[in-house]
Amino acid sequence: MADNREKMLEVKNLKKYFHISRKDVLKAVDEVSFDVYKGETLGLVGESGCGKSTTGRTIIRLYEPTDGEVIFDGENIGSKLSMKAKKNLSRRMQMIFQDPYASLNPRMMVKDIIAEGLDIHHLAKSPTERMNRVYEMLETVGLNREHANRYPHEFSGGQRQRIGIARALAVDPDFIIADEPISALDVSIQAQVVNLLQELQEKQGLTFLFIAHDLSMVKHISDRVGVMYLGNMAELATSDELYEHPLHPYTQSLLSAIPVADPEVERSRERIILEGDVPSPIDPPSGCRFRTRCPFAMDVCAKVRPKWHEVEEGHWVACHLHDEELKTEKA
Ligand code: SF4
């Protein structure tokens, strides 16, 4: 269906395989497709091991893609890139990492951590301009100038994540991949960091890919949400549509696990409890990868991989229950 919004990122049939032994291949990301529109936040969720972080890291080229296309602002960045193009990309696309303890160099002062990108891309014309940018970034993320001359170990987890955000923002990026940026933080700090990211997005018109395993937090921050399972996309829709009309049994089960504040609604809700664990991505189930845990699995689910298709405008799903062509064939 036609959509006139401008695309910041197009991910087409992206694959990332890891050869872990001579005969074993881990298919971490297997034919994943989605778009991210300019100025939006797309949440990408799923249990650990579903491939969401690998998808983010492959998009930003921390991993070389095995196959597929990544088109960033009209340019194909999934293929071989010139040094110049790589450098430009590394400025425009930034990543905020999950672990604020491991992602900051303990031997560098905060001012040098934040200014690292400015130095690499020669964005500050003088030492004064460099320091002014560092101060500006510290203030933007709710820290202050005095923090510039300290080392990461002098900060709490939440403050370190703010430093990580300041580092990402310093080079004036267009697109930020936030890879579980709050999961290593105390619950009391998580909302503060999420609110900060939301504020920054509104003020600076940034585009975000927000990777998380917590569906409730993603709803708060995302315009649209994509759900991944075992290296595949299961469903994608606007946040409201996904939370109100989930189509994929996996999304339904994830949503049914989120507690509702109203005790009456909570009591009357039906929980969908999934049987078993997530299978190994080295030897995933045939057909639909979710079939070993799906309460609605049919014969066809073991034989045919469900098509990733748009069932209604903007609502994508990969499930035979919602494949009109398959229903017509059966009838
Ligand atoms: Fe369940 Fe089949 Fe749909 Fe997969 S394709 S989610 S197994 S009904």
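Just above sits the structure.
This report concerns the structure included in the present document. The structure presented is a predicted model; accordingly, all values stated were derived computationally and were not measured.

Conventions we followed
Residues numbered from 1 in each chain as written. Predicted model: local features only at pLDDT ≥ 70, side-chain atom pairs only at ≥ 80, totals over all residues. Heavy atoms only, no water. Helix = DSSP H or I, 4+ residues; strand = E, 2+ residues; numbered from the N terminus. Rg over C-alpha atoms; globule rule 2.2 N^0.38 Å. Contact = heavy atoms within 4.5 Å. Areas by Shrake-Rupley, 256 points an atom, 1.4 Å probe, with all protein chains shown as cover. Lys, Arg positive; Asp, Glu negative; His and termini not counted. Charge placed at Lys NZ, Arg CZ, Asp CG, Glu CD. Salt bridge = Lys/Arg side-chain N within 4 Å of Asp/Glu carboxyl O. Buried < 20%, exposed > 50% of the residue type's maximum accessible area, 1.4 Å probe, protein only. Near = heavy atom within 4 Å. 1 Å grid on protein atoms, 1.4 Å probe; cavity = no way out; pocket = protein on both sides within 12 Å on 5 of 7 lines; lining within 4 Å. Sits in = over half its atoms within 2 Å of the grid points. Nonpolar A, V, L, I, M, F, W, Y, C, P; charged D, E, K, R; others polar. Points joined across faces, edges and corners; volume = space filled by probe spheres on them. Pairing = 2+ DSSP bridges. Axes fitted to C-alpha atoms, helices over the stretch in contact; angles between N-to-C directions. Core = buried A, V, L, I, M, F, W, Y, C linked by side-chain atoms within 4.5 Å.

## Considerations on the overall build of the protein
A count of helices and strands for the protein gives 12 helices and 12 strands. The C-alpha atoms of the protein give 21 Å as radius of gyration, which agrees with the globular expectation for 331 residues (20 Å, within 12%). Seen through its principal axes, the protein has C-alpha atoms that stretch 75 × 55 × 45 Å. Within the protein, contacts between residues at least 6 apart in sequence are counted, and of these 63% link residues at least 24 apart. Total accessible area on the protein stands at roughly 16500 Å², and carbon and sulfur atoms take up 49% of it. Taken as two groups, the 42 positive and 51 negative side-chain charges of the protein have centres that lie 7 Å from each other.

## Focus: the pattern of salt bridges
Under the definition given, this model contains 20 salt bridges. Linking Arg-305 and Asp-30 is a salt bridge whose minimum nitrogen-to-oxygen distance equals 4.0 Å. Pair noted here: Arg-305 is in the loop between helix H11 (299-303) and strand E11 (309-312) and Asp-30 is in strand E2 (residues 25-37), with a separation of 275 residues, a long-range link. Take Arg-305: its relative accessible area is 34%, and that puts it in the partly exposed class. The closest approach of N and O atoms between Lys-38 and Asp-73, which form a salt bridge, is 2.9 Å.

## So, the site of the ligand
Around the ligand, the structure places 13 residues, and the nearest of them are Cys-288, Cys-294, Cys-301, Cys-319 and His-320. Using a 2 Å cut-off from the grid points, one finds that the ligand occupies the largest cavity. Counted by class, the shell around the ligand contains 10 nonpolar, two polar and one charged residues.

## A look at helix H1 (residues 52-59)
Most of H1 is tucked away: seven of the eight residues are buried. Three or more residues of H1 are buried, namely Lys-52, Ser-53, Thr-54, Thr-55, Gly-56, Thr-58 and Ile-59. Phi turns positive one or two residues past the end of H1, at Arg-61, with a value near 70 degrees.

## Things to note about empty space enclosed by the protein
The rolling of a water-molecule-sized probe over the atoms marks out the regions of remaining empty space. Under the defined criterion, the tally for this structure stands at one cavity of 30 Å³ or more. What the largest cavity holds in volume is close to 100 Å³. What lines the largest cavity is a set of 14 residues, and nearest its centre among them are Cys-288, Cys-294, Cys-301, Cys-319 and His-320. Across the lining of the largest cavity, the residue classes break down as 11 nonpolar, two polar and one charged.

## Remarks on the sheet that holds strand E1 (residues 7-19)
Read from one edge of the open sheet, four strands run E2-E1-E4-E5, paired in antiparallel fashion. One side of each edge strand has no neighbouring strand; the edge strands of this open sheet are E2 and strand E5 (75-76). Bridge analysis of E1 against E2 gives 10 bridges, and the strand direction is antiparallel. Considered in E2, the bridge of Lys-15 is made with Asp-30. Taken strand by strand, H1 contacts E1, E2 and strand E4 (67-72), and its axis lies near 115 degrees from that of E1.

## Quick notes on the nonpolar core
The biggest cluster of nonpolar side chains holds 57 residues, and the ones touching the most others in it are Ile-114, Ile-163, Ile-165, Leu-169, Leu-197, Phe-210 and Leu-215. Among residues more than four places away in sequence, those in contact with Ile-165 are Ile-96, Val-141, Val-193, Leu-196, Leu-197 and Leu-200. Of all hydrophobic cores here, the second largest spans 28 residues; its members include Met-8, Val-11, Leu-14 and Phe-72.

## Concerning the layout of surface pockets
Considered as a void within the structure, the largest pocket measures approximately 480 Å³ in volume. Surrounding the largest pocket, 17 residues form its lining, Ile-60, Ser-90, Met-93, Gln-94 and Met-95 being those nearest its centre. Residue assignment for the lining of the largest pocket shows that the elements contributing at least two residues are helix H2 (83-92), strand E6 (93-96), helix H3 (110-120) and helix H5 (157-170). Residues of the lining of the largest pocket, tallied by class, amount to nine nonpolar, four polar and four charged.

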